[in-house]
Structure formats: structure tokens, C-alpha cells
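Listed here are the chains, written in short residue letters.
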Amino acid sequence: MSAQGAAHKETPKETFYRQFQGTVANLQEQINHLANLSAVAGERHDTIEHILTGISRLSNEVADAADYVPAYDQRTYSQALKQLTDQLNEAQAQFRPKSRFQFKRRNLPSGGDAMADKKNDARYMLPAGGQDKSSSPSAVTAVATANGSKLSSEDHKDSLSNLPSFPAKNYNEEIAQDPTDSRVRKPSFSTARDITLSDHEKLHIILPLSASRATSAGALTNMKGCIVDMSVPTRVCAGGAPFASLALKNISGSLIVAGHVDGPVHITGLRDSKVLVVARQVRIHECENVDFYLYCASRPIIEDCKGLRFAPAPKFHSADKDENTNMWDQVDDFKWLKAEHSPNWSVLPEEQRITEDIWKDKVPGYPGAGLDDILSTVGIGAEA
């Protein structure tokens with residue numbers, strides 16, 4: 001490979017294509033999983049709202065990219081967004097109850113009135129052969145040629161597969177393959193559209209401010225004995241951008257500083273861990289022995305959980321929020337319908353809470369401290 005090829009710098013067009021593909025794939029996956037989400041707790045509705053927001057954001061970004069994305073590519077992107085919207089509509093239609101009301105079929109007019117209606121009906125205005133020749137490929141090509149432009153055969157195919165393929169950077173794989181002996185990872189996520197971390201053990205992952213470009217969605221899955229700090233890129237006062245939504249799943253013996261989330265947070269299958277998050281909604285499923293430090297603008301919801309303890313988010317992470325609107329201790333247990341307090345959760349005693357100075361000075365790391373030292377400081381054993 002030549003030095004020139006090795007030093008190739010990704011063009012804005014290539015970057016936009018890769019990020020667009022990644023976001024579309026993420027939204028498609030969310031649409032495919034809608035049927036698995038609960039409708040009772042509003043989980044499915046929140047996900048649909050997030051998908052709609054993502055499609056709208058992509059549409060605006062396609063329009064903003066007109067300076068460096070050719071017109072044909074823009075049409076392709078727009079068609080992909082239309083297909084995504086159609087898929088969402090089809091998925092939603094499966095959840096709607098069937099209506100028992102039906103309109104009665106209207107009797108067709110007879111005689112001359114019927115013939116007059118046919119003359120104005122586009123279905124009866126096609127030439128012989130049943131096809132509107134003015135909209136056929138050959139007719140479109142002829143019109144374009146007459147106007148001084150020439151369309152290739154690809155111009156009639158609105159599919160992302162026609163665009164050149166550029167390899168996307170896999171930040172999650174890069175974290176796992178880091179050749180250094182350090183257990184601290186700081187992936188930039190500077191060219192990603194969302195943040196996905198999975199299948200890591202005994203790592204301290206700190207996201208820098210550059211990751212604020214990738215906070216359209218976040219997901220942490222299958223983490224064991226880790227510290228993950230995503231607070232910096234999601235903090236508006238630091239120049240970051242909150243997550244639109246966040247999912248935490250199958251995490252044990254870990255400390256998760258999730259940062260700020262404008263939308264819902266879905267937490268499933270956590271064990272023996274501690275989580276700090278500032279969010280609009282928090283829904284917790286199938287978790288055990290987890291301490292939550294929350295700012296939550298709505299009542300947190302738990303289901304199929306036990307041994308959960310709640311405390312307010314430290315001021316260091318929620319200084320821009322009104323303490324009076326924090327509903328951290330107004331938890332609804334959907335599996336406990338009795339009048340008395342649910343035995344599955346409690347308020348974390350003040351003397352057992354992680355202090356402000358530890359959140360501020362110890363959790364981000366300090367000289368001479370390793371991963372296990374920090375976990376021990378916050379009350380998580382060395383063994384996950």
C-alpha cells in the first residue's frame with residue numbers, strides 16, 4: 001500500500017454515509033424488537049417515540065448535508081427514511097386493536113354518471129397496455145435528456161446498497177483489543193452515531209467529550225467487574241449532549257456512571273452493582289442487590305426486582321436540576337399491589353451512601369489507584 005493510500009482521510013460524504021448506515025441499522029433493530037417490549041409500563045410507547053425522533057433527526061441531517069452529498073445520494077437517503085417509517089407503521093399496526101366499525105360500501109352510479117366518473121378516474125386514463133408511459137423509465141430518461149441531463153439506470157433504484165461501502169470503525173472491538181497493559185480505556189466515539197459497549201470484564205472505561213457526537217442512543221450489555229463513566233459527554237454544562245435513550249443489560253459487580261439522559265432509561269438484569277443516572281424516566285426489570293443514585297423527573301418503575309436501594313443523585317452530577325422535582329424515592333413496584341411498602345426496594349441510608357467527594361475525586365480515578373481500588377472505595381467487592 002502506498003503512503004498516499006495509507007494516509008487517506010475520510011471525506012465528509014464517506015463519514016455521513018457510514019454514520020447514516022449505522023443509525024438506520026440501530027433504528028431497524030429497535031423496530032424489530034418492539035413486539036418484545038411491554039405495553040403496560042409504557043416501554044413500547046417510549047421506544048416508538050425515540051424511533052420517531054431518530055428518523056426526524058436523520059431527515060434534518062440529510063437536508064443539512066446537501067453541500068457535500070450529491071442529489072442522487074440524497075434521494076437514496078430519503079427513500080431509506082421512507083422505508084424505515086413504513087416499517088415502523090407496519091409494526092405499530094400489529095399492536096393496534098382491530099376496529100369493529102366498517103363503512104358500508106357505496107353503490108356505484110349508473111348510466112352516464114358512471115361513464116363520467118370513469119373519464120376523471122386516473123385508472124381509466126392509461127394508454128393501451130395498462131401503463132402510464134409518461135412515468136415509465138424510458139419516458140423519464142427522455143425528459144431528462146431533453147433538459148440537458150443524463151440519468152443512469154441506477155437513478156431508478158432508491159436503495160442504500162447502491163452507495164459505496166465504507167468500513168465503520170468498531171470502537172467496542174478496539175477497546176477489547178487494546179495492546180497496552182492499562183485497564184483504562186478512553187474511546188473517542190468521534191465518528192460514531194451512538195454508543196454501544198458490550199462483553200467487557202475488568203475494564204475502566206471513561207468516555208471523553210468527543211463522544212458527545214454519539215449520544216443519539218446508548219447501550220451497555222454484558223459487563224462484569226467494570227467501571228463505566230459516561231458523564232462528561234452527556235453533561236450540557238460541559239459542552240456535551242444528553243443521551244436520547246439508554247439501555248443497561250446484564251451487568252454485574254460494576255459501577256455505572258450513566259450521565260444524563262433526556263428520554264427513558266431501561267435497566268434489565270443487573271446484579272451487585274451501583275448505578276448513577278440523571279433521566280426523565282427510569283424503568284428497572286429483573287435486578288438484584290443494586291444501589292441506584294437517581295435524578296428522575298417521573299416515578300421510577302421496578303418489576304421482578306429485589307434488594308434495590310435508592311438515593312438522590314449527587315449534586316456534582318445533577319447541579320443543573322431542581323431538587324424539588326426529583327422523584328428518586330417515589331418508586332412504583334409493578335409486581336407489588338398491596339397497600340404496604342414493597343419489600344423489594346428501600347431508601348439507602350445516608351451513612352451508607354457514596355459521598356460527594358468520592359463521586360468527584362475518586363470515581364474518575366486518582367494516582368496509584370487501580371480498578372479494584374475504586375470499586376472497593378464505592379463498596380463493590382473485588383470479586384464480581
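Residues numbered from 1 in each chain as written. Predicted model: local features only at pLDDT ≥ 70, side-chain atom pairs only at ≥ 80, totals over all residues. Heavy atoms only, no water.

Engineer: With reference to specific residues and values, describe the nonpolar core.
Structural biologist: The biggest cluster of nonpolar side chains holds 43 residues, and the ones touching the most others in it are Ile284, Leu308 and Phe310. Residue assignment for this core shows that the elements contributing at least two residues are α7 (171-176), β2 (195-201), β4 (218-224), β6 (246-252), β7 (255-285), β8 (288-296) and β10 (308-312). When neighbours within four sequence positions are excluded, phenylalanine 310 is seen to be in contact with Ile284, Phe292, Leu294, Ile302, Trp328, Val331, Trp345, Ser346, Val347 and Leu348. Core analysis: the next-biggest nonpolar cluster, separate from the first, contains 20 residues, Leu34, Ile51, Ala65 and Leu88 among them. (Core = buried A, V, L, I, M, F, W, Y, C linked by side-chain atoms within 4.5 Å. Buried < 20%, exposed > 50% of the residue type's maximum accessible area, 1.4 Å probe, protein only. Helix = DSSP H or I, 4+ residues; strand = E, 2+ residues; numbered from the N terminus. Contact = heavy atoms within 4.5 Å.)

Engineer: Can you explain the environment of isoleucine 175? Please cite residues and give values.
Structural biologist: Note that isoleucine 175 resides in helix α7. Setting aside residues up to four positions removed in sequence, isoleucine 175 forms contacts with Arg185, Pro187, Leu197, His200, Leu203 and Ile205.

Engineer: If you had to explain the side chain of serine 216 to someone new, which residues and values would you point to?
Structural biologist: Its place among the elements puts serine 216 in the loop between β3 (204-206) and β4. Serine 216 gets classed as buried once you look at its relative accessible area, which sits at 14%. Ignoring anything within four residues of it in the chain, the contact list for serine 216 reads His50, Arg57, Arg193, Asp194, Ala244 and Ser245.

Engineer: Kindly report on the layout of surface pockets, identifying the contributing residues and their values.
Structural biologist: Reported here for the largest pocket is a volume of approximately 1,400 Å³. Contributing elements (two or more residues each) for the lining of the largest pocket: α2 (12-32), α3 (43-64), α7, β2, β4, β6 and β7. The element that contributes the greatest number of residues to the lining of the largest pocket is α2, accounting for 9 residues. Mapped onto the domain boundaries, the lining of the largest pocket takes at least three residues apiece from domain 1 (12-91) and domain 2 (192-376). In this model, the second largest pocket occupies a volume close to 370 Å³. Along the walls of the second largest pocket sit 19 residues, with Pro312, Ala313, Pro314, Arg353 and Glu356 positioned nearest its centre. Looking at the lining of the second largest pocket, the elements that each hand over two or more residues are β8, α9 (315-318) and α10 (356-362). Residue composition of the lining of the second largest pocket, by class: 9 nonpolar, 3 polar and 7 charged. (1 Å grid on protein atoms, 1.4 Å probe; cavity = no way out; pocket = protein on both sides within 12 Å on 5 of 7 lines; lining within 4 Å. Points joined across faces, edges and corners; volume = space filled by probe spheres on them. Domains from an automatic or database assignment. Nonpolar A, V, L, I, M, F, W, Y, C, P; charged D, E, K, R; others polar.)

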